[in-house]
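# Report on the structure
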Amino acid sequence: MENYPELLRSRLNDPAYEYRRDSFLEFLKAPVRTYKESPTVKDYVEVADSELERMIYAEPVNGSFDPQPDDTAQIVMSNDVLTRSSIPEKSGMVITDMATAIREHRALVEEYVYTNLGRDRTEHVVNAAWRNGLFIYIPDRTDISLRVHQISDSRESYSKKSVIICGKDSSVKITDIHTSQGNGNGIHGQNIYCHVGENSTMQYSYLQDKESTATDLTYIREFMDKYARFRLFHVNHGSSRVIFTDESVQMGESSDFRVYGVNFSSGTQKMDIRDSSFQVGTASSSDIQVRGVVTGKSSTIHRGNIDLEEVARNSTGFYDSRILLLSKDGYANSKPGLMIKNANTRSKHASSISDVDEDQVFYLRSRGIGEAQAKRMITAGFVESLIERGGDPEMISKVNEYAEGLGVDAFLGTD
Amino acid sequence: METEYSKEEEMEKLLEDLKKSNVRKEDWEFHDNLQPVYSTGAGLNRKIVEEISEIKKEPEWMRRFRLKALEIFQSKPVPTWGPDLSGIDWENTKYYTRPDEVTTNNWDEVPDQIKDTFQKLGVPEMEQKYLAGSVAQYDSEGVYHNLRKVWEDKGVLFMDLDLALKTYPDLVKDYFCKAVPPTDNKFAALNGAVWSGGSFLYVPKGVKIDMPLQTYFRMNGEQTGQFEHTIVVADEGSSVHYIEGCTAPRYEKNSLHSAIVEIYVNKNAHARYTSVQNWSKSVYNMPTKRAWVEENGQMEWVGGSLGSKVTMLYPSSYLRGPHASAHNLNVSLAGPGTIKDTGAKALHLAPYTSSRIVAKSISIEDGKAIYRGLLRMNKGAVHSKSHVQCDALLINDESQSFTFPHDEIYEPTATFGHEATVGRIGTDELTYLRSRGLSEDEASSMIVLGFLDDVMKEIPMEFAVEMNRLIKLEMNKLGAVG
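Residues numbered from 1 in each chain as written. Chains lettered and ligands numbered in written order. Predicted model: local features only at pLDDT ≥ 70, side-chain atom pairs only at ≥ 80, totals over all residues.

## Some words on the overall build of chain A
The secondary structure content of chain A amounts to nine helices and 19 strands. Each principal axis of the C-alpha atoms in chain A carries an extent, and together these give about 70 × 55 × 50 Å. Long-range pairs, those at least 24 residues apart, make up 82% of the contacts in chain A between residues at least 6 apart in sequence. (Helix = DSSP H or I, 4+ residues; strand = E, 2+ residues; numbered from the N terminus. Contact = placed C-beta atoms within 7 Å.)

This is how it looks when you write it as structure tokens:
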């Protein structure tokens with residue numbers, strides 16, 4: 001890690017050099033995250049600096065990589081290379097990779113990319129070391145739906161930075177599927193920054209289903225102008241370790257931020273899922289609802305802060321976390337937080353952790369359904385009810401598939 | 001003796017009380033010009049700790065214990081994860097101050113000046129009216145203790161801890177610092193090194209005391225510390241209600257209160273601990289309170305954190321036996337310029353245990369109320385249940401509230417729920433009450449008291465009225481109530 005400045009110097013011709021350098025300085029200054037409040041747990045998902053180093057240097061691996069992208073995807077990224085972009089031509093729209101955007105769309109990059117260094121230590125390091133990423137610009141008054149498939153090589157470690165910019169009075173739906181191929185313990189870091197312009201709506205559906213050997217570190221940050229609306233549907237299913245962070249930055253008045261998240265952890269997976277809102281604009285609102293299903297020897301923690309700043313008058317914030325802890329060897333934690341610095345606001349959080357409701361199981365069993373199947377049905381209803389609130393149909397069917405696919409051993413009882 | 005609770009009557013009574021009350025903050029914040037008969041002076045070192053032990057003529061094991069605790073205290077850093085504690089002047093705090101040589105069970109023998117102080121605070125009046133026994137502590141030492149004969153005859157022990165250590169050394173040794181060892185945190189280690197006073201209450205098997213017992217703590221000196229250590233033991237099948245009240249004068253320089261409260265609730269026993277803390281705004285209040293609850297035992301914490309500059313208080317219940325339960329109710333009031341970092345911890349270590357935590361906070365002006373809690377269900381705590389609720393009310397625009405719960409569930413058959421709300425007095429509610437003929441002030445006070453209702457009805461009537469008066473005092477300055 002200490003040699004990284006040398007590497008940066010070798011990239012003096014990189015137009016993003018100053019941004020990378022500032023991000024790296026932020027990384028050096030940022031404290032190492034620990035969960036010191038707990039007497040026994042150091043941190044829920046531990047990623048050592050030596051592993052971050054692998055991600056920073058992104059050394060290539062031996063062997064070929066033959067990605068199999070989804071046929072329906074209009075945009076395909078294989079590792080960090082944009083391999084397909086078949087979008088109907090719209091005036092002013094830009095869909096490219098970050099390396100190209102830096103060269104060809106300097107004004108946009110200066111305005112939207114170089115201005116945000118992030119807030120978390122790992123996020124800083126991704127901002128310093130990203131190799132490439134996706135760059136999408138949707139101009140004012142544009143309606144569009146995009147399907148993206150990003151395939152990673154599980155053996156390789158690297159980081160990506162993607163930026164999605166949506167102008168004023170536009171409506172954008174993006175479905176972004178992240179999978180991986182190969183068998184390796186690669187570390188994949190990515191920052192996805194979404195900018196939603198005045199009076200625009202963005203719906204971003206994120207699904208991560210990588211190989212169970214990879215590590216996924218994802219930071220999604222939503223920058224919202226006044227009257228902007230953002231809907232995030234996120235599903236985490238794959239990877240051995242997942243740190244998923246999503247935080248709004250609601251500077252604009254009356255911006256509306258909604259999150260519906262579902263996380264399945266199984267086997268020995270560890271998931272640290274953080275969904276937060278940072279509200280500065282007046283009359284802004286946030287509503288975050290997250291569900292977790294824990295099976296096997298896995299663990300999940302849901303964290304979420306509602307942060308209402310002094311000037312965010314007449315704002316509201318709501319965070320709700322529910323986790324089904326289905327296995328006797330798994331564990332689940334929640335750490336919701338309210339940081340309210342203004343009295344002219346309303347906020348609330350709620351969290352619950354429990355097994356499947358026995359009354360519901362009893363009802364289904366009295367209808368002739370076996371115990372494991374009954375629990376499976378209840379679990380499916382528990383997670384699908386959330387994603388069905390406008391989520392992408394493919395995502396809904398995936399969530400259903402994950403819930404229905406929970407093995408008998410996932411439950412305490414059996415048929 | 002139980003009084004049937006009527007919400008309407010209570011509300012009416014409290015509102016009347018608020019209107020008539022002319023009590024002032026100075027009623028608690030006066031100080032006596034009393035010269036202590038002994039003080040170790042400012043600062044803390046090995047010599048001072050040995051001196052305290054020497055003065056108290058303690059057994060050798062206690063002297064060694066104090067010195068070990070001092071080492072732990074010196075090795076631990078000041079916690080930085082909570083409020084700013086840089087205002088604590090470790091060097092210039094007086095860690096031990098003895099007001100007088102007398103400790104007595106006869107009120108007439110208490111030195112006049114100290115007696116006057118407690119009379120102003122209404123302590124003897126309360127004892128006569130409704131207490132089974134009481135202990136009064138002034139600075140570092142207990143000055144008075146009394147227990148009604150009926151309970152004494154049944155084997156109940158209630159006295160200050162120094163006296164208990166002399167009279168029942170083995171019994172004290174069995175419980176001293178078992179639930180809160182000095183290694184627990186810096187302030188517990190400090191208490192271990194310099195503790196003085198506090199109460200020792202032992203309720204024998206099967207004895208159910210139907211009247212509360214009270215200890216009143218008064219800190220008089222400037223830049224002093226009070227480090228009392230209280231042990232409550234409810235033996236098998238017994239029942240007890242123990243109350244603590246605390247006040248101090250206001251000074252320019254900060255004082256430190258770092259107490260330990262250990263409660264042992266044995267099989268089938270029931271203990272209720274009520275404390276109303278009204279330290280002045282120059283006091284850093286850092287107590288560590290913990291209960292060990294055995295099989296089928298019930299622990300209830302009822303607390304009002306009203307005073308102090310900074311309070312960090314998280315009463316904990318370790319549910320060690322099957323079917324043990326804990327109930328925690330807490331009200332904290334963060335007045336102007338103060339920080340209340342309060343909460344609760346419940347650790348479920350056995351099957352079929354249950355806990356319920358209700359925390360209410362009110363922030364006034366730039367007061368900052370923080371809820372910080374830990375709920376942990378260990379593997380094997382099968383079919384355990386817990387519910388945590390924390391509500392915050394913000395009175396002014398600049399008031400702040402933070403909520404940091406930590407929930408750790410390692411047992412799949414356990415059920416856990418948590419909810420928190422933060423808001424201010426709604427205009428709809430105010431308009432409704434005003435349309436019924438109440439003034440804005442009356443309406444505001446009614447909403448505030450309604451917000452606190454869950455906790456108020458669990459507190460003995462006299463304390464509920466006192467707490468309401470204290471809340472009113474804080475809000476009165478803003479013209480919000482009264």
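## What about the overall build of chain B?
Each helix and strand in chain B was counted, giving 14 helices and 26 strands. When the 482 residues of chain B are sorted by exposure, 55% land in the buried category. Counting contacts in chain B only where the partners sit at least 6 residues apart, residues at least 24 apart contribute 83% of the total. (Buried ≥ 20, exposed ≤ 12 C-beta atoms within 10 Å, placed from the backbone.)

## Quick notes on the interface of chain B and chain A
Size of an interface, as often reported, equals the accessible area lost when the parts are brought together. If you look at the interface, chain B gives 29 residues, while chain A gives 32 residues. Secondary-structure elements contributing two or more residues to the side of chain B that touches chain A are β25 (400-409) and β26 (415-424) of chain B. In terms of residue class, the side of chain B that touches chain A is built from 12 nonpolar, 12 polar and five charged. Where strand β19 (residues 345-354) of chain A meets β26 of chain B, seven bridges bridge the pair, whose relative direction is antiparallel. Bridge pairing links S347 of chain A to V422 of chain B in β26 of chain B. (Nonpolar A, V, L, I, M, F, W, Y, C, P; charged D, E, K, R; others polar. Pairing = 2+ DSSP bridges.)

## Some remarks on helix α3 (residues 46-55) of chain B
Along an α-helix, residues three or four positions apart point the same way, because every turn accommodates 3.6 residues. Residue and element names in this part refer to chain B. Among the residues making up α3, those that are buried are V49, I52 and S53. Buried residues of α3 fall within an arc of 95 degrees about the axis and therefore sit on the same side. Away from its buried face, by an angle of more than 90 degrees, α3 presents the exposed residues K47 and E54. Next to the buried residues of α3 lie α4 (60-75) and α10 (186-194). The positive-phi residue at the C-terminal boundary of α3 is K57, with phi of around 50 degrees. (Arc of directions from axis to C-beta.)

## Quick look at the packing of helix α3 (residues 49-57) of chain A against helix α6 (residues 121-129) of chain A
All names here are of chain A. Interhelical geometry of α3 versus α6 gives an angle of 25 degrees and a closest axis separation of 9 Å. Taken together, the axes of α3 and α6 are roughly parallel relative to one another. The chirality of how α3 crosses α6 is right-handed. On the side of α3, the interface is formed by L52, M55 and I56, while α6 contributes T122, V125 and A129. A breakdown of the residues in the contact of α3 with α6 according to their chemical character gives five nonpolar, one polar and no charged. (Axes fitted to C-alpha atoms, helices over the stretch in contact; angles between N-to-C directions. Parallel < 35°, antiparallel > 145°, perpendicular 65-115°, else oblique. Left-handed = near helix turned anticlockwise from the far one by under 90°.)

## Examining unusual backbone geometry
Residues and elements named next belong to chain A. Positive phi values are uncommon outside glycine, yet D169 reaches one of about 50 degrees. Inspection of the secondary structure puts D169 in the loop between β6 (158-166) and β7 (171-181). In the Ramachandran plot, S239 falls in the positive-phi region, its phi being about 75 degrees despite a non-glycine side chain. Relative to the helices and strands, S239 is located in the loop between β11 (229-236) and β12 (241-250). The buried category is assigned to S239, around which 29 C-beta atoms lie within 10 Å.

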